[in-house]
Structure formats: C-alpha cells, structure tokens
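The primary structure of each chain is shown beneath.
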Amino acid sequence: VSPGSTTYTEAVTISKSGVFKAANFKDGVKVGNDYVQQFNMHKAAGAEIKLTYQPSSTYNPGGAYFLLNGVEGSSNYGDGQWLGFSGVNFDALIDLGSDQDVSSIKINYIVKNNSWIYAPTKVTYSVSTDGVGYKEVYNGVPDAANGLKNATAKFPTEKARYIKVFAANTKV
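Here we summarise the structure given alongside this text. (Residues numbered from 1 in each chain as written. Predicted model: local features only at pLDDT ≥ 70, side-chain atom pairs only at ≥ 80, totals over all residues. Heavy atoms only, no water.)

### Side note on the environment of valine 123
Working step 1: Turning to its location among the elements, valine 123 is positioned in strand 5 (residues 122-128).
Working step 2: Since its relative accessible area comes to 0%, valine 123 is described here as buried.
Working step 3: In the structure, valine 123 is positioned 96 residues away from aspartate 27 in sequence and 52 Å away in space, judged by C-alpha atoms. (Helix = DSSP H or I, 4+ residues; strand = E, 2+ residues; numbered from the N terminus. Buried < 20%, exposed > 50% of the residue type's maximum accessible area, 1.4 Å probe, protein only.)

Okay, structure coming up:
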C-alpha cells in the first residue's frame with residue numbers, strides 16, 4: 001500500500017477470495033498501520049443464516065453474520081470472528097438463495113480446554129433444495145485437541161439451497 005494505490009471513498013465490495021490491503025494517508029503520508037485481511041469467498045459467504053440458539057453474550061461480536069463473512073477466525077478467540085455457545089447446541093440454517101451444487105461443507109472451531117473452550121461432541125451437516133426434506137451428508141466426531149480445527153465433509157455433489165449445520169455442545 002502506497003500513496004499511488006487506488007483511493008477509495010466508498011464501501012468496497014469483496015467478490016472473490018484474496019487478500020485486501022488498505023491504509024490511511026494524510027497529505028501523501030501514511031498514517032497508522034496497514035489493514036490486511038484474507039477473505040475466503042465460498043458459496044455461503046454473505047448468505048442468510050438463522051441460529052436456533054443465540055451465542056453467549058461473552059462470545060458474540062455481532063451475531064450470526066460473522067459465521068459467513070468470508071473471514072476465518074484466528075487462534076485468538078477474542079479476535080471478533082468467533083461465536084461461542086454456552087449450555088446450548090450450535091444449530092444453524094443457511095439459505096444459499098438458490099439451488100447450488102454442493103460437494104463439501106466445512107466449519108472451523110477453536111479448542112482451548114484451559115480456557116473452557118471445548119470442541120463440539122458431534123457435528124452433522126444436512127442439505128435440502130426445498131427446506132423441508134433434508135439429506136444428511138456428514139455425521140462425525142470432531143477433533144477435541146487444543147488448537148484451530150475444522151470439521152470438513154466431502155461427498156458426491158448434491159443440489160442444495162439450504163444447509164443445516166449442527167454441533168452438539170460439550171455441556172460442561
């Protein structure tokens with residue numbers, strides 16, 4: 001990022017995966033630190049998502065939107081990209097807006113057992129074209145060791161508009 005970079009005066013639309021870099025300039029001199037953010041623009045990025053249970057107020061930077069904003073959370077659970085659920089399961093319904101070919105689904109989660117942040121005990125993914133009849137495409141037990149983790153399902157291509165994601169809470 002330099003004084004010769006493109007100047008933006010309005011919101012910037014991110015439409016594909018990549019790294020976005022920005023900086024503030026005053027009279028041609030950079031002021032402050034660069035803003036650098038990796039975006040992963042998958043099929044569900046920006047899609048409508050509904051949660052059956054709300055996240056804990058302690059781990060809720062602004063609601064379900066953060067789950068599909070194209071930004072992955074870091075190993076710092078306070079980075080503003082994680083939602084935490086205390087005493088309730090994670091149960092979400094994603095609406096892709098139209099039928100899409102879907103052959104993989106992935107959620108990321110963080111485990112910090114010494115901070116009382118535990119892995120789900122089970123994860124299931126189900127897909128549907130009509131929002132009524134669902135086909136389960138994944139049912140697994142996630143890795144519970146400390147660190148950044150994901151539960152990834154790869155399966156033969158299915159048509160889907162709706163995706164249900166369920167993660168059973170540890171209930172500690």
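Anyway, onward from the coordinates.
### Comments concerning the nonpolar core
Within soluble globular proteins, side chains that are nonpolar generally end up buried alongside one another.
Working step 1: Core analysis: the biggest nonpolar cluster contains 29 residues, and Leu51, Ile94, Ile105 and Tyr125 have the highest contact counts within it.
Working step 2: Every element with two or more residues in this core is listed here: strand 3 (48-51), strand 4 (90-111), strand 5 and strand 7 (147-168).
Working step 3: The leading source of residues in this core is strand 4, at nine residues.
Working step 4: Not counting residues up to four positions away in its chain, the partners in contact with isoleucine 105 are Tyr125, Val127, Val137, Ala151, Thr152, Ala153, Phe155 and Ile163. (Core = buried A, V, L, I, M, F, W, Y, C linked by side-chain atoms within 4.5 Å. Contact = heavy atoms within 4.5 Å.)

### Looking at the packing of aromatic side chains
Working step 1: Summed over all chains, the structure comprises six aromatic pairs.
Working step 2: Plain terms: the ring middles of tyrosine 59 and tyrosine 77 are 5.9 Å apart, the flat faces sit at 70 degrees to each other, and that makes the pair edge-to-face. Of this pair, tyrosine 59 sits in the loop between strand 3 and strand 4 while tyrosine 77 sits in the loop between strand 3 and strand 4; the two residues are 18 residues apart in sequence, bridging distant segments of the chain.
Working step 3: The class of tyrosine 77 is partly exposed, set by a relative accessible area of 29%.
Working step 4: On the basis of an interplanar angle of 75 degrees and a centroid distance of 5.5 Å, the ring pair of tyrosine 65 and phenylalanine 66 is categorised as edge-to-face.
Working step 5: Sitting over the ring of tyrosine 134, lysine 164 keeps its end group 4.3 Å from the ring centre. (Phe/Tyr/Trp six-rings, centres within 6.5 Å; stacked < 30°, edge-to-face > 60°. Lys NZ or Arg CZ within 6 Å of the ring centre and 35° of its normal.)

### What about unusual backbone geometry?
Working step 1: Even without being a glycine, aspartate 27 presents a positive backbone phi close to 55 degrees.
Working step 2: Along the chain, aspartate 27 falls in the loop between strand 1 (18-26) and strand 2 (29-39).
Working step 3: Not every positive phi belongs to a glycine, and tryptophan 116 is a case in point at roughly 65 degrees.
Working step 4: Overall, tryptophan 116 belongs to the exposed group, its relative accessible area being 62%.

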